[in-house]
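Chain by chain, the residues run as shown.
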Amino acid sequence: MIANKEKAKRADELAIANKEKAKRVDELAIADREKAKRADKLVISDLEKAKRADELAIAYLEKAKRADELVIADIEKARRADELVIANRELVLQNKQKDKRADE
C-alpha cells in the first residue's frame, strides 16, 4: 500500500510537471506567434521604406531633369541676348551711317 501511495504521489507530481511543461509550451508558442507578427510588421515597414525611397529617387530624377531643362533655357536666353546685342550694334551702325549720309 505504501508503494502504491508513493507511486500515486509520484504520478501526481509527474502530472503536475507535465501540466507545467504544457503551459510553458503554450507560452512559448504564443511568444513565437508574437515574434512572427512583429517580424511581419517589420517586413511591411521595410517594404514601405523601400517604396518611399523609390519615390524619392524618382522625385530627385525629375528635379534633376527640370534643372537640366532650366539650364538649357538659360543658355538659349543667353544666346538670344547675344543675338539681340549684335542686332542692336548693327542698328546703331546703320543709324550712324544714315546720319552720316543725311549730314552729307
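Please read these numbers as outputs of a predicted model, since none were measured by experiment. (Residues numbered from 1 in each chain as written. Predicted model: local features only at pLDDT ≥ 70, side-chain atom pairs only at ≥ 80, totals over all residues. Heavy atoms only, no water.)

**Considerations on the overall build of the protein**
Working step 1: When its secondary structure is counted, the protein shows one helix and zero strands.
Working step 2: Against the 2.2 N^0.38 benchmark of 13 Å for 104 residues, the protein shows a C-alpha radius of gyration of 44 Å, more extended than a compact globule.
Working step 3: Overall size of the protein, expressed as C-alpha extent along the three principal axes, is 150 × 10 × 10 Å.
Working step 4: Going through the 104 residues of the protein one by one, you find that 0% of them count as buried. (Helix = DSSP H or I, 4+ residues; strand = E, 2+ residues; numbered from the N terminus. Rg over C-alpha atoms; globule rule 2.2 N^0.38 Å. Buried < 20%, exposed > 50% of the residue type's maximum accessible area, 1.4 Å probe, protein only.)

**Focus: the pattern of salt bridges**
Working step 1: Applying the stated rule across the entire model yields six salt bridges.
Working step 2: The salt bridge partner of Glu69 is Arg66, with a shortest N-O separation of 3.5 Å. In this pair, Glu69 and Arg66 both sit in helix α1 (residues 2–103), three residues apart, roughly one turn of the helix.
Working step 3: In this structure Glu69 comes out as partly exposed when scored by relative accessible area, which is 37%.
Working step 4: Given a relative accessible area of 46%, Arg66 falls into the partly exposed group. (Salt bridge = Lys/Arg side-chain N within 4 Å of Asp/Glu carboxyl O.)

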